[in-house]
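The primary structure of each chain is shown beneath.
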Amino acid sequence: MLDREVPVTKKIKKVALVGSPNSGKTTLYNWLTNSNFKTVNYPGATVEFAYGNVNPALGSDLIFIDTPGVYSFQPKSRDEEVAMDAIYNNSVFGEVDGLIIVVDGTQLERHLLLAQQALETGFPFLLVLTMRDILQKANIELHKEILEKEFGARVVFFDGMLGQGLQDVILESANLKKTLSIEKASKWNDQKSEQLSARRQVLATRSLPNCEKKTFRHQTDQVDSLLLHPVFGLIFFFALMTVLFSSIYWAAAPFMDWIDQGFSWTAQTVLEKFPDQLWAEFFANGILTSFSAVLVFVPQIFILFFGVGLLESSGYLARAATLIDRPLAKIGLSGRSFVPLLSGFACAIPALMATRNLSSKRDRLITQLVIPLMACSARLPVYALLIGFLFPESPLFAGLALATLYLGALVIGAVASAILNRMIAKDQSGYFMMELPLYRLPKMSVILTQCFQRTKAYVKRAGPAIFIFAVVIWFATNFPKSEIHEQQLQQSYAGRAGQVIEPLFKPMGVDWRVGVGLISAFAAREVFVSSLAVVFQAANDDEATQQEALISQMHQARNSDGELIFTISSVIGLSIFFMIALQCMTTVAMMQRESNSWKLAIVQLIVFNGVAYALAVAVVQGLRSFGVA
Amino acid sequence: MARVIVICMSNLNQWAEHTLNKTKECVIDSFAGPLHLQERLREMGLSTGLVIKIKGRAPWKGPWLIEYSETVLAIREQEAQCLIVKSL
Ligand SMILES: Nc1nc2c(ncn2[C@@H]2O[C@H](COP(=O)(O)OP(=O)(O)OP(=O)(O)O)[C@@H](O)[C@H]2O)c(=O)[nH]1
Ligand SMILES: [Mg+2]
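## Some words on the site of ligand 1
All names here are of chain A.
Alright, step 1. By nearness alone, 24 residues border ligand 1, and Lys25, Thr27, Thr46, Asp133 and Gly160 come closest of all.
Alright, step 2. Within the backbone of Met131, an N or O atom sits 3.0 Å from an oxygen atom of ligand 1.
Alright, step 3. Within the complex, 95% of the 650 Å² of free accessible area of ligand 1 lies under protein.
Alright, step 4. Listed by contribution, the elements that provide at least two residues to the shell around ligand 1 are helix 1 (25–33) and helix 4 (132–137).

Put into structure tokens, the structure is as follows:
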């Protein structure tokens, strides 16, 4: 993963940050290179290497490489392999010139293992001790000279919160010089492991002489006694998930109104100022309508990212993974699947990558296959529109309906994974061991920056598709011009083509116009909403906002037989279709990359869409046969 | 005298329970089971002679929570069985 375009020449020194999971590598990397990579209080957050030039303001000509956390130089999961590849055989510049072994100062006894292994590799290295602020807060002095003597390497303190020690890290990195030939770290036998472990204990005790046992974990332990409690812990977990997913709806409402009103006002003003002008009509009814239909949901997406960000930085994710490991194991997943699945609620792409820290290939595969079923943020506008249609007056019910759809995604994911669990041969390589990190108070500035970035990326990603479909659908529905206004849509290019595709969508209880929306959703799911807005001509001629206008058009829309299109059954059918359909081609490409199989990615594409269609049809027809409109 | 737990299938779900004293502490006596798991456990800082404290267990007989060297590790029964423990 490229941080930014960095000219890589042979002369520039490349230094890789290596360390145990959650030791603060990415935090240090961000300071060094002025980057904004996601730092998460969860062991195993980084799953891809990144590289970047040292922040120019800090001088020095160095390239730093962030790597996924490793417990040793003998990789046991995909992310650990990525880390080892990054230092020995990096796809951009081969072998690195030196290492920074990042050691959490509060975890010396365990984290020094990597320094012991680094000695065997021949890489010149420097030890960076992070979490200095925590040591200082506990009034604990760390005698770094003991470690310097032991490892024959420089030791630098670094405070990830304030960035103190950054200059020293850069200075010492610049001084790293390769003098030995580089080798792979050897596998230790039991005896050697024991010896070195005893040595680490001695080192930790000597360098932290005034550190009593359990100095750092006191508060964390108290919180854990509640949050990992067999009864209360579970109640908290489910309550938290419900609050997160339902708050998306109600907390965003006022902001959505502002955006909607802003767009409506602009569209109205343009139409009033330039009556009967074709370009004004195109701008208001095509472009503005399309963008407002999707952008109005941006606050919801922001709140989703914010909620996930809070969870990520608090340290709770590792607890949630632990709480849910057992039920997940029953259906072929692992507690380690929880974080990829949760990030699947934001976007499937990083979620698929996050599966790299699952140790078992089988668990990884099953997790990858069910991730696209999680209700990603691109589905949010679609759900919000459909829910807005069903519960126009009640934000509480709408919020609960949304939480139900999210829960539904989990249920469908669980069913799919249980089926896969029976189909895929078992393997023995899976295990679940999860360190529970210290709880930390989330740093608002970091979370908000990350939220803004992710929201911006979301808009940027969907933007071009929304624009292109706005243009295409507006022209296709407005031309050729019909003499009779009422027949415009039927006579248009889109209307004529629509007759051809209509039989496919009729069983789902919808007409060709919704069909156009469903097809356009393969460009980006959100485009379904913007396409509907254009195709149903949801420009507001009266006082209503764009959003209200679209929903009111949906209430009135009838098919060629004069039947209402949007009814309870067809809206439920559409929801089910969107819950299962795999419409995101980037996900398909990523699935291919992560599973290393085109066949799998294509089978998944066909099966998910086939099942989505069949289930939607079955539910609509089933409901109608029971008399539900 | 220290009592070593003999791990056998019928003893599943009982890891460490016999060894626990009031403080719920026990000591690692040796390692067993698949080699890659033994290796990983050692890499995570567990070693023979190390005193660990059993803090509890996640619901539905989920992972054990064990505390050692300033950290808490959640670990499934199956993997915990690789740690042969004895009472202090
Ligand atoms: N208090 C304190 N927290 C820190 C410090 N450095 C990092 N953190 C926090 O520790 C957590 C982990 O930091 P990361 O930088 O993501 O750790 P990492 O080593 O990249 O972790 P992986 O990618 O999972 O291997 C985050 O919540 C950081 O905010 C520090 O010096 N002091
Ligand atoms: Mg990281």
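Right, picking up where we left off after that structure.
## A look at the coordination of the magnesium ion (ligand 2)
As a benchmark, a tetrahedral metal site with four donors has ideal angles of 109.5 degrees, while an octahedral site with six donors has ideal angles of 90 or 180 degrees.
All names here are of chain A.
Alright, step 1. Here the magnesium ion (ligand 2) is held by Thr26 (OG1) and Thr46 (OG1), and the distances to it run 1.9 to 2.0 Å. Linking Thr26 in helix 1 with Thr46 in the loop between helix 1 and strand 2 (50–53), this pair joins segments that are 20 residues apart in sequence.
Alright, step 2. Look at Thr46 and you get buried, because its relative accessible area is 18%.

## Side note on the packing of helix 10 (residues 278–295) of chain A against helix 18 (residues 444–478) of chain A
Residues and elements named next belong to chain A.
Alright, step 1. It is the contact of helix 10 with helix 18, at a shortest axis distance of 9 Å, that shows an interaxial angle of 140°. Considered as vectors, helix 10 and helix 18 are oriented oblique to each other. Between helix 10 and helix 18 lies a crossing whose hand is right-handed. Side by side, helix 10 and helix 18 meet where Leu278, Glu281, Phe282, Asn285, Gly286, Ile287, Ser290, Phe291, Val294 and Leu295 of the first sit next to Val459, Gly463, Ile466, Phe467, Ala470, Val471, Trp474, Phe475 and Asn478 of the second.
Alright, step 2. Here the residues of the contact of helix 10 with helix 18 are counted per class, giving 13 nonpolar, five polar and one charged.

## Focus on the pairing of strand 4 (residues 71–75) of chain B
All names here are of chain B.
Alright, step 1. Counting buried residues in strand 4 gives five out of five residues, a clear majority hidden from the surface.
Alright, step 2. Neither face of strand 4 is left uncovered, since the one carrying Thr71, Leu73 and Ile75 and the one carrying Val72 and Ala74 both have all their residues buried.
Alright, step 3. In sequence, strand 3 (residues 64–68) turns back onto strand 4 through a hairpin of two residues, with Ser69 there showing a positive phi of about 35°.

## A few points about the nonpolar core
Alright, step 1. Counting residues in hydrophobic clusters, the biggest one holds 132 residues, and the most contacted among them are Phe338(A), Val514(A), Phe528(A) and Phe566(A).
Alright, step 2. Discounting residues that sit within four places of it in the chain, Phe566(A) has contacts with Phe389(A), Val514(A), Leu532(A), Phe536(A), Met554(A), Ala557(A), Val571(A) and Leu574(A).

## Structural notes on the sheet that holds strand 4 (residues 98–104) of chain A
Backbone-to-backbone hydrogen bonds join strands into a sheet, with any given pair of strands oriented parallel or antiparallel.
Residue and element names in this part refer to chain A.
Alright, step 1. Spatial strand order, 2-3-1-4-5-6: six strands in an open sheet with mixed pairing. Both edges of this open sheet fall to strand 2 and strand 6 (155–157), since each of them pairs with a single strand only. Averaged over all pairs of adjacent strands, the angle between strand axes in this sheet comes to 25°, irrespective of strand direction.
Alright, step 2. Where strand 5 (residues 125–130) and strand 6 come together, three bridges link them in parallel fashion. Across the sheet, Leu127 pairs through a bridge with Val155, a residue of strand 6.
Alright, step 3. Helix 1 contacts strand 1 (13–19), strand 2, strand 3 (62–66), strand 4 and strand 5 of the sheet and is inclined by roughly 155° relative to strand 3.

## Remarks on the confidence of the model for chain B
Residues and elements named next belong to chain B.
Alright, step 1. Looking at chain B, pLDDT values average 81 and 80% of them are 70 or higher.
Alright, step 2. When pLDDT is averaged over each helix and strand of chain B, the minimum, 89, is found for strand 5 (residues 83–87) and the maximum, 95, for strand 4.
Alright, step 3. This stretch, residues 1–12, has a pLDDT under 50; its non-local contacts, to residues over four places away or in other chains, come to 25 contacts.
Alright, step 4. Our summary of model confidence lists the complex with pTM equal to 0.85 and ipTM equal to 0.84.

## Remarks on the packing of aromatic side chains
Two aromatic rings are characterised by how far apart their centres lie and by the angle between their planes.
All names here are of chain A.
Alright, step 1. One pass over the structure, following the stated rule, counts 22 aromatic pairs over all chains.
Alright, step 2. Their ring planes at 75° and their centres at 5.2 Å tell us that Phe237 and Phe238 sit as a pair that is edge-to-face.
Alright, step 3. Residue Phe237 is classed as buried on the basis of its relative accessible area, which comes to 5%.
Alright, step 4. An angle of 65° between the planes, with centres 5.6 Å apart, marks the rings of Phe536 and Phe566 as edge-to-face. You can see Phe536 sitting in the loop between helix 22 (527–535) and helix 23 (546–556) and its partner Phe566 sitting in the loop between helix 23 and helix 24 (568–580), a full 30 residues away along the chain. The residues Phe536 and Phe566 share a single accessibility class, namely buried.

Rules behind the numbers
Each chain has its residues counted from 1, running along the sequence as written. Naming scheme: in the order in which they are written, chains are lettered from A and ligands are numbered from 1. Given that this is a predicted model, residues contribute local features only at a pLDDT of at least 70 and side-chain atom pairs are listed and counted only at 80 or more, while totals for whole chains, interfaces and linings are drawn from all residues. Processing note: side-chain calculations cover all non-hydrogen atoms of the structure and skip hydrogens and water entirely. We call a residue near a molecule or strand when any one of its heavy atoms sits within 4 Å of it. Identification of polar contacts relies on pairs of N or O atoms within 3.5 Å, with a donor-acceptor requirement for protein atoms, meaning one able to donate a hydrogen and the other able to accept it, and with residues adjacent in sequence counted only if both atoms are side-chain atoms. Areas reported as accessible are Shrake-Rupley estimates using a 1.4 Å probe. Residue values count occlusion only from the protein chains shown. Strands here mean DSSP runs of E at least two residues long; helices mean DSSP runs of H or I at least four residues long; both are numbered from the N terminus. Shown as donors are all N, O and S atoms within 2.8 Å of a metal ion, widened to 3.2 Å for Na, K and Ca; because water is not in the atom set, sites may appear incomplete. Each residue is placed in one exposure class: buried if its accessible area under a 1.4 Å probe, protein chains only, is under 20% of its type's maximum, exposed if it is over 50%, and partly exposed if it falls in between. Note on definitions: angles span 0 to 180 degrees between N-to-C directions of axes, and those axes are lines fitted to C-alpha atoms, for helices only across the stretch in contact. To sort the angles, those under 35 degrees are grouped as roughly parallel, those over 145 as roughly antiparallel, those from 65 to 115 as roughly perpendicular, and the leftovers as oblique. The sense of a crossing depends on the near helix, which, turned anticlockwise from the far helix by less than a right angle, makes the crossing left-handed and, turned clockwise, makes it right-handed. Whether two residues are in contact is decided by their heavy atoms, any of which lying within 4.5 Å being enough. For this classification, the nonpolar set comprises Ala, Val, Leu, Ile, Met, Phe, Trp, Tyr, Cys and Pro, the charged set comprises Asp, Glu, Lys and Arg, and every other residue, Gly included, is treated as polar. By definition, two strands form a pair when at least two bridges between them are found by DSSP. Side-chain atoms within 4.5 Å are what join buried Ala, Val, Leu, Ile, Met, Phe, Trp, Tyr and Cys residues into a set we call a nonpolar core. Residue-level confidence of the predictor is summarised by pLDDT, bounded by 0 at the bottom and 100 at the top. By convention, a stacked pair of Phe, Tyr or Trp rings (six-membered ring in the case of Trp) has centres within 6.5 Å and planes under 30 degrees apart, an edge-to-face pair has planes over 60 apart, and any other such pair is tilted.

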